[in-house]
Structures are given as structure tokens and as C-alpha cells.
Amino acid sequence: MDRTTRRQRPPDPGPQSSRHRSKRIACRQCRQAKIRCELSTGGPIPCSRCRRMGHDCTLDTGYQRVNRRERLEELEKEVQHLRSSVSASRSVPNIPTPIESFHADASPVVEQGSSLVNEDIFLPDISAETLDHSTPVRAVRGQTPDEPATLALPSSSTAPRTLEFLHFTGTQISTLFQIFFHHYNPYAPLLDPAVSPDEYYARSPLLFWVIVLVASRRFSEEPGLLVSLTGPVKKILWDAIANPPHTWHIVQAILLACLWPFPTSSLSSDITPILLSAAHTVAVRLGLHRPEAIQDFSRTKRRLSPDEIKETARTWATCYIAAQTVSTTDGQTWVSSDWMVDRLCDGDITGMIPTSLKHQLMISRFMARVCQFMSGHPHGPTGLPRPGDGIPLLALLEREYTELCYGFSDNLSDENNVLLNGAGLQLYVFYLLETSDSDSRKRALLRAYKISTETISKLAHIDAGSDATQYSPISFFRVVCLASMFILKLIYSNLSIFLDIENGKRSFTSAMILSRRVSIEDNDLPGRTSKILTQLWSAQARSGQRDKEPGLKLKTRLAASLLHDSLWTWREEFGGQRSMENTPPGGMFCYILYAGLTNSPTDLRLIGTRGQNVSIQDPNSTTSQDVAYVDGLTLEDVVDAEILALLPFSLDADALLGVQG
């Protein structure tokens, strides 16, 4: 027999090897510690290790090792849950019913340490019709009769939860979920209101806490709840992103945090674009853009049920809408077309997503097409068409926009109509980027002025009946900013002779009021924007120039060029970005104060000629009057130290506020 044959011959199992395999046993303690046990060699029970350490030595051939770290974490969570339940039963012995809670006295919602919150003050200001069990809940905004809404009433059966030092009872959690699905979810119908809070927590604790965070934005009974939740929710949000594998419920949580973003005081500190990039990346890796072939993106064989396919379609549609909104505001391009988006928009798969979400998706797809169409010209740094070539392209896009408006007919909700007008205004920004003096450009800008005033009036009317600006996503605030800056740009141009200036003043005033209503805390971005708009108007009124061609100096931000051009105008006027040689008398205020030429900065008024009185309604008053924004600006109006934080560069606000001694 040759050497190859001897190598391939299997070893002959003998009685000695059989006895050796049968003795490979160990007691429970040695098996858990992965240590060789004396029992494998026929030693006595207990083994020497168990005798030395005082363990109970038992032989169990079916025993499986336990991951002690995971078990310890489970036990810690269980102990924390039991402590919270015991504390809740001791702190709130009598849980009030939802109706009784309206008549209870309010007390602080969030307390430090182990103290709990009172359930009776967590209930929102909702009409009795909503809380009446015998009356069906009315259909929420943005839903059609074929999309019924089911809102669960607060239930004490919901399990209590704890997030760091914050403790919530079951009724409190149910109430916050009711607030979310009643006021917020209709604007972006991403989640199912019929799912219980406990089930959302089982799906994703991050998604659960983001829902609670969004619901706390306008919780008037405890204004500090949002501030208390922001830090812990941000922590678990970043932890979830940094620790894959991910699920589509994490994508949903990120999208909610982007549609209703964390409060911020400046564009440079806004983390929304970063979160949206992460959400889009995770969504693509999970295959949410191809739900019917999701197995291609998974390590295991899997097919989604019809309900799961609908949920993934809603998630991908919302991801596309949110990303397009943010990228357009930042002046970036986004994917102009997507196979799944086209199917959802063109009706290939009817009933897959709610009608209101489908309309928003169609609007976002159009805006993506505009940005992609106008930025695909790499001959210059702006990416725009050559001079003279842009007007015909814009005319084609404007015709497409008109067809889109007619295609919606009367099925478009008032809220989505505002978003549609916002997409039109983003299209008309490109006319400001053109240097042509053609009549077609002038007519297009006049149409933009009309859309701007109508958009602000429509949103003000909606807000008067439903508090839309307080609960709507950030996209509505951005439409208001764009419309108000269009009004400001065109009123003080040579096109003003063709405009209804008084209507523009009223719309501009309404825009400032709406911006302040969007604000959820002092010195956040919407609140500061209202101040910036006021100061920009006053600066234009002082100059009084209405003979210049409307245009933009900043031309590299696509549809966001108007926004960022206006911000740079404000920086030049009030942010110290203008040189001393070119500073007009009205702009010397900051430099006079910096030089220490006055010992009473709070009594100092703007030095320079006074312009005409412009009637602008003060957002803090109920009557229209000639406000001091035009006649003279106080120190607080011009060099607000909190507004200076909006700048993306470092500026010593204390120096501008005066150097004493």
C-alpha cells in the first residue's frame, strides 16, 4: 500500500479512544469557567476546584454556558424597572382618570433623583370631544377619508419608563403619545397611531424616546421637559448610530429628529444634515428603497409582509422628503430620481403610502429635479448655466411646475399647498441668479412676489385655526423665511412700481410673527430669524433705494442663495463685516460703541439720517404702529449679543457691547 493510501485511511476507532471521549465531562462551575475538570479523568465529586472555592459541584450534561455580562445587564434593567414601578405605586397611590386630570393642580413634571412626576399635569389641552369615549376622534390634518386615524386614549396599562434621571408613568407616556399622533404625525404620517407605546419601545427604545421628545416641544404644562430630554435623547441617538446593526425603526427615529430638530442657535451648530446623511445611508444599506427585494440587502432569507412593505415605503418616502428639504436649504443637490420614488409618485402601487405623504413626495421630487437640472453645468464655480441660457431652461421648469400644480387639482391639503408654493419660490430664486434684464425675468419675479404674499397669508390663516406653525415640521418655517426674503428683495428694487407694497408690508409683518411662533425656546434659530428680518427691513428702509435691479451677490448655493445672500447682507450691516472706509453713517453704531465713545450704551440711539416711517406691526403687540425699527434702533436691536452667535465665524460680542475700563 502506497503512502497516499495510508494518508486517506481514516483512523481506526479503538476502545481506548472511545473511553477517552466518554470521559470528556465537567461540572457546571468548571464548564461555565471553561476550565478542565477532574471529573473528565474519573475524579471524585466534588472536584478539587469546587471544594477549594466552596461551590456546589453538580454534573449536568445538558448545561449551556451563560454570558454573564449580558445576564448582568438584563438583571440591572429588571431591577431598575422594578424600582420605578414600586416608586410609582408609592408616589401616586390614586391614578386620576383623563377627565379628572384636567381639574388637578399642576406641579413640576420632571424632578431629579428618584422622585416621580404627577400624572394629572401631563395631559394636553385637548377638547372634550377628543377625550370623550363615545365620540369618534376627528380625522387629523393631511389625511383623506380612505386613511382613517385611530388615536389611543391615555392608558394606565402602559409600562412606566426611565431615561437617566427622568421617570415617566404609564399614563404620562400614553398622554405624550396622544399629543404626538394628534398634533405632529399628521404633517408627516410616518408612524402608525394604532401601535401602542409599549410596542414602539419593544421595536426601538430610541424611536420611543424620540416620539416623547417631539411631543414635549409644546407641552405647556411643563416647558422644561424638552430641555431635560434633549441631552439624554441625543446620547442614545448617537449611540444607536455608532453601534450597528441598525433597523428601519432607527431610521424612523432619526427622521423624526430631523423634521422636528433639536433646538439650535445657529446654522453652523445644526446637526440635522449629518443625521439625515446617516439616515439615508442606513436606509439604503437595509434596502428600504427596494422593499420587495429586501433579501438582497440581508444576510438571511426574508420576505416582508404587505404591512411591512407599506411601513418601509413610508419610511423611504419620508427619508427622501426630509433629505431634499434640508439639502435645498443648504444649497446642495440631491438625487433627482429614484425608482421607488417614481413608483410611489406615479401611482404604480396605489395605497402604499398616505395621500398627503404622496403629495409631499411629488413636490420634493420636482424640487430635486430643478436643482439637478440647474446645477449640472460645470463650466463655472456656481454650476449654473451660461449667461443667457438659463432663462429658457427656467421657462421649461416653470411650465412643469404649472402642470404639477394643476395635477393636484383640489385634492391638495392647505398645508401641502404651502409646501408646493415653497417649491415654486425655490424655482424662482434661480431668476434672481440670472443677470438678464429681459421681460420674461421681470414677469417671473413678479409672479414670485405674488406667490410669496399668498403663501404667508395662507399659512397665517391655517395657523389661526389650527396652530400649524407650532406643530408643523421645520420645512414650513423655511418656506416662511424664503417668502419674506423674496418680499424684501423685490420691494426695494426697481420692480416696486409694479407691486402692491402695502400688501407686502402686511405679509412681511405676518412672516415675523409666524417665525416667532415657530420658536420653542429663547434664542433658537426661528426666534433670531425674526429679529434678523426686522433689522434687514429697517436697513433697507433707511437706504430708501428702489432703483436697483433685483439680484444676488452670492450665487453658489443654488435655491438657498437668496437665504444666504440675505444673511451676508445682515452681517455687513450689523455683524461688523464691513470695512470702516465703506461704512455709512447708519452703520457706524457698532464702531462708535467699540471705541468707547459713550459711557451709556443702553441710552445710545442709531446715529445717522432717519429714513421714512414704515408701518410694520410689532410682533409683540396687537396693533399696527410706526415702530422704532425704522426711526431709530436701540442697542439691543442692533447688536444683540445672542444674534451674533448666529454667525458662522467667531465674533467677540462682549467687545461690541462696550469695553468698560
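First, a word on what this report is: a plain description of the structure on this page.

Rules and cut-offs
Residues numbered from 1 in each chain as written. Predicted model: local features only at pLDDT ≥ 70, side-chain atom pairs only at ≥ 80, totals over all residues. Heavy atoms only, no water. Helix = DSSP H or I, 4+ residues; strand = E, 2+ residues; numbered from the N terminus. Buried < 20%, exposed > 50% of the residue type's maximum accessible area, 1.4 Å probe, protein only. Phe/Tyr/Trp six-rings, centres within 6.5 Å; stacked < 30°, edge-to-face > 60°. Salt bridge = Lys/Arg side-chain N within 4 Å of Asp/Glu carboxyl O. Polar contact = N/O pair within 3.5 Å; in protein donor to acceptor, adjacent residues only side chain to side chain. Axes fitted to C-alpha atoms, helices over the stretch in contact; angles between N-to-C directions. Parallel < 35°, antiparallel > 145°, perpendicular 65-115°, else oblique. Left-handed = near helix turned anticlockwise from the far one by under 90°. Contact = heavy atoms within 4.5 Å. Nonpolar A, V, L, I, M, F, W, Y, C, P; charged D, E, K, R; others polar.

## Observations regarding the environment of Gly424
- Secondary-structure assignment places Gly424 in helix H18 (residues 414–432).
- Given a relative accessible area of 0%, Gly424 falls into the buried group.
- A C-alpha to C-alpha distance of 9.6 Å links Gly424 and Phe366, two positions 58 residues apart in sequence.

## Side note on the packing of aromatic side chains
- The final tally for this structure, using the stated rule, is 17 aromatic pairs.
- When the ring of Phe177 is compared with that of Phe181, the centres are 6.4 Å apart and the planes differ by 40°; the resulting orientation is tilted. Taken together, the residues span about one helical turn, with Phe177 and Phe181 both in helix H8 (residues 170–184) at a distance of 4 residues. The pair formed by Phe177 and Phe181 is uniform in burial state, with each residue classed as buried.
- Geometrically, the ring pair formed by Tyr492 and Trp537 is edge-to-face, given 5.6 Å between the ring centres and 80° between the ring planes. Of the two residues, Tyr492 sits in the loop between helix H21 (474–491) and helix H22 (501–518) while Trp537 sits in helix H23 (residues 525–543), which places them 45 residues apart along the sequence.

## Side note on the pattern of salt bridges
- The final tally for this structure, using the stated rule, is 17 salt bridges.
- Glu292 is the salt-bridge partner of Arg343, the closest N and O atoms lying 3.3 Å from each other. Of this pair, Arg343 sits in helix H15 (residues 339–346) while Glu292 sits in the loop between helix H13 (272–286) and helix H14 (306–330), and the two are 51 residues apart along the sequence.
- With a shortest N-O distance of 3.8 Å, Glu573 and Arg542 are connected by a salt bridge. Taken as a pair, Glu573 in helix H24 (residues 561–574) and Arg542 in helix H23 lie far apart in primary sequence, 31 residues in all.
- A cluster of three or more residues bridged by salt bridges with shared partners is formed by Glu199, Arg203 and Glu311.

## Overview of unusual backbone geometry
- In the segment running from Ile45 into Pro46, the intervening peptide bond is cis, with an omega of 0°.
- Locating Pro46 in the fold gives a position in the loop between helix H3 (28–33) and helix H4 (48–53).
- Of note, the bond from Pro244 into Pro245 is cis; its omega dihedral lies within 30 degrees of zero at 5°.
- Looking at the secondary structure, you find Pro245 in the loop between helix H11 (225–242) and helix H12 (248–259).
- One non-glycine residue, Asn523, lies in positive phi territory at about 65°.
- Examined against the element boundaries, Asn523 turns out to sit in the loop between H22 and H23.
- In this structure, Leu558 is a non-glycine residue whose phi angle is positive, near 55°.
- Here Leu558 is to be found in the loop between H23 and H24.
- A relative accessible area of 5% means that Leu558 is categorised as buried.

## Description of the environment of Thr402
- As for its placement among the helices and strands, Thr402 is situated in helix H17 (residues 390–408).
- According to the relative accessible area criterion, Thr402 is partly exposed, its value standing at 34%.
- In the structure, Thr402 is positioned 22 residues away from Gly424 in sequence and 9.1 Å away in space, judged by C-alpha atoms.

## Some details on H15
- Residues of H15 that are buried include every one of Met340, Val341, Arg343, Leu344 and Cys345, and no others.
- The opening residue of H15, the one whose side-chain oxygen lies 3.0 Å from the backbone nitrogen of Met340, is Asp338.
- A positive backbone phi angle near 85° is found at Gly347, which sits one or two residues after H15.

## Quick word on the packing of H12 against H13
- Where H12 meets H13, the closest approach of the two axes is 9 Å, and the angle between their N-to-C directions is 155°. As far as their axial angle goes, H13 and H12 are roughly antiparallel. Crossing of H12 over H13 shows left-handed handedness. Seen from H12, the contacting residues are Trp248, Val251, Ile254, Leu255 and Cys258; seen from H13, they are Thr272, Leu275, Leu276, Ala279, Val282, Ala283 and Leu286.
- Tallied by class, the residues present in the contact of H12 with H13 amount to 11 nonpolar, 1 polar and no charged.

Just distances and angles here, no functional claims.
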